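Breakdown of the fold
Here's the letter readout for the chains.
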Amino acid sequence: MVAPKFPILILSLRLTSSIAYNLLDRPTLKYGTAWKKDATADLVAKAIRAGFRHIDTACQPRHYNEAGVGDGWVAAARELNLDRTDIWLQTKFSGLNAHDPDNVPYDVNASLEDRVRQSLQKSLENLKTDYIDSWIMHGPEDNWDDHWKVWRTMESAVDEGKVRQLGISNFYSLEDVQWAYDHARIKPKVVQNRFYAKSGHDVGIRAFCQENDIEYQSFWTLPANPDAFHHQAAHDLSNRKKLSPEALFYAFCMAIGISPMNGTTNEVHMKEAIALMDRIRRGEKIFENKEEMDIIGNALGTPEWNIEGEL
Ligand SMILES: *[C@@H]1O[C@H](CO)[C@@H](O)[C@H](O)[C@H]1NC(C)=O
Ligand SMILES: *[C@@H]1O[C@H](CO)[C@@H](O)[C@H](O)[C@H]1NC(C)=O
């Protein structure tokens, strides 16, 4: 009686592990690595085993153990027989004031351009790689003069083949995003921001990103928006969709073009996140209509959340 079940089980396992996808497809859930300290390598390896392929970190020892990310992906890749090109690594250049004064990953007395170059060199060493898939300016500089010094240096790293694409983070003014885009030789491909009501959920910035082929990545996605997915109608919907309320909220974010960071340390939650990604990659539309979207959207706290061109 047990035997006949085997082929079915094997088939479904194969289906799960054989979903081919392009690492540049958007949106995707990405594994966030902040605040994991000594557990970083182990957790990154677990995340990759669970199915994550996009890993986000920063060359900022105050919050990130970037070398642990390097150890983690290398160990998991060896075990799973993956190549470097099967993994997508994103890291960041963080300015002086984002570091602990006694733990800066570059020479504080070097020119701004040299600090940027040294930070990249450190990231390449930490991540045990000769290229970075996505390199982000962690926050705005104090003035545009410095912004362009940093950005031009980042652009030359793309020219040198050390970096595949560039992005910006913690930019909450649409004018600034536009300025940073319009005057860049190599255009930002990522805006990574906190997704929350205080910034009007970046409605204008997200529309700009959609128009200009920029990936909008969100962090603090769940903690900043509990009211959107913890209410009766959202729970009913998540039950119907066989998702946790948290996963339903991620599905909502991805339906409106957002790539959320997920930094869970819990393997069950890792698998839950990847199960959601797999359903989406197989072509399932978690939200079937506008009414279902409204159940989450109308509880977000930003009435005009529904920017054009979605769903
Ligand atoms: C940077 O310069 C200051 C002032 O000249 C000096 O006191 C400090 O030791 C230098 N720091 C490093 C890391 O070279
Ligand atoms: C990560 O994603 C899972 C699955 O949706 C969710 O249950 C969990 O709360 C998330 N955790 C964090 C820390 O982002």
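Worth saying up front: this structure is predicted, and the values here are computed from it rather than measured.

1. A look at the site of ligand 2
Taken together, L222, E246, A247, Y250, N262, G263, T264, H269, E272 and A273 make up all the residues around ligand 2. Protein contact buries 79% of the 360 Å² of open area that ligand 2 shows by itself. According to the grid-proximity analysis, the pocket containing ligand 2 is the largest pocket. Classifying every residue of the shell around ligand 2 gives 4 nonpolar, 4 polar and 2 charged.

2. Regarding the side chain of S123
Within the secondary structure layout, S123 lies in helix α4 (residues 112-126). Its relative accessible area of 0% is what places S123 among the buried residues. If we skip the residues at most four places from it in the chain, S123 touches C59, E66, T91 and I132.

3. Some details on the packing of aromatic side chains
As enumerated under the stated definition, the model contains 11 aromatic pairs in all. Pairing F93 with Y106 gives two aromatic rings, centres 5.8 Å apart and planes at 25 degrees, and the pair type is stacked. Of this pair, F93 sits in strand β3 (residues 88-93) while Y106 is found in the loop between β3 and α4, placing the two residues 13 residues apart along the sequence. On the basis of relative accessible area, F93 is assigned to the buried category, the value being 1%. Using a relative accessible area of 6% as the deciding quantity, one classes Y106 as buried. Judged by centre distance (5.4 Å) and plane angle (90 degrees), the ring pair of Y181 and F208 falls under edge-to-face. Of this pair, Y181 sits in helix α6 (residues 174-182) while F208 sits in helix α7 (residues 203-211), and the two are 27 residues apart along the sequence. Just as Y181 is buried, F208 falls in that class too. Chaining the aromatic ring pairs together yields one cluster made of F229, F249, F252, F287 and W305. The residue whose ring lies beneath R84 is W73, and the NZ or CZ to ring-centre distance is 5.7 Å. Positioned above the aromatic ring of Y131 is the side chain of R164, whose terminal nitrogen or guanidinium carbon lies 3.8 Å from the ring centre.

4. Things to note about the layout of surface pockets
Rolled over the atoms, a probe with the dimensions of a water molecule shows which regions are left empty. The space that makes up the largest pocket amounts to roughly 950 Å³. Forming the walls of the largest pocket are 45 residues, and the residues nearest its centre are A34, W35, Y64, F219 and W220. Elements represented by at least two residues in the lining of the largest pocket include exactly β3, α4, α10 (245-255), β8 (258-262) and α11 (267-281). In terms of residue class, the lining of the largest pocket is built from 19 nonpolar, 17 polar and 9 charged.

Each value, and the rule that gives it
Counting of residues starts from 1 at the beginning of each chain's written sequence and follows it residue by residue. Chain A is the first chain written and ligand 1 is the first ligand written, with later ones labelled in order. It should be noted that, the model being predicted, local features are given only for residues of pLDDT at least 70 and side-chain atom pairs only at 80 or more, the latter also being counted only at that level, while totals for whole chains, interfaces and linings use all residues. Side-chain calculation: all heavy atoms of the structure are included, whereas hydrogens and water are not. The rule for a residue being near a molecule or strand is that one of its heavy atoms must lie within 4 Å of it. Surface accessibility follows the Shrake-Rupley procedure with a 1.4 Å probe radius. Residue values consider only the protein chains on display as shielding. With a 1 Å grid spanning the protein atoms alone, the term cavity applies to any set of points in which a 1.4 Å probe fits but cannot get out, the term pocket to an open set with protein on both sides within 12 Å along at least five of seven lines, and the term lining residue to any residue with an atom within 4 Å of a point. A cavity or pocket is said to hold a molecule if more than half of that molecule's atoms lie within 2 Å of its grid points. Amino acids are sorted into nonpolar (Ala, Val, Leu, Ile, Met, Phe, Trp, Tyr, Cys and Pro), charged (Asp, Glu, Lys and Arg) and polar (every other residue, Gly among them). Think of it this way: any DSSP run of H or I at least four residues long counts as a helix, any run of E at least two long counts as a strand, and we number them from the N terminus. Think of it in three bands: residues with accessible area under 20% of the maximum for their type are buried, residues over 50% are exposed, and the middle band is partly exposed, with areas taken using a 1.4 Å probe on protein chains only. When checking whether two residues touch, look at their non-hydrogen atoms; a contact exists if any pair is within 4.5 Å. Only Phe, Tyr and Trp rings take part, Trp by its six-membered ring, and two of them pair if their centres are within 6.5 Å. Stacked means planes under 30 degrees apart, edge-to-face means over 60, and tilted covers everything else. Lysine NZ or arginine CZ positioned within 6 Å of the ring centre and within 35 degrees of the ring normal marks a charge as sitting over the ring. Grid points are joined across faces, edges and corners, and a volume is the space filled by probe spheres set on the points.

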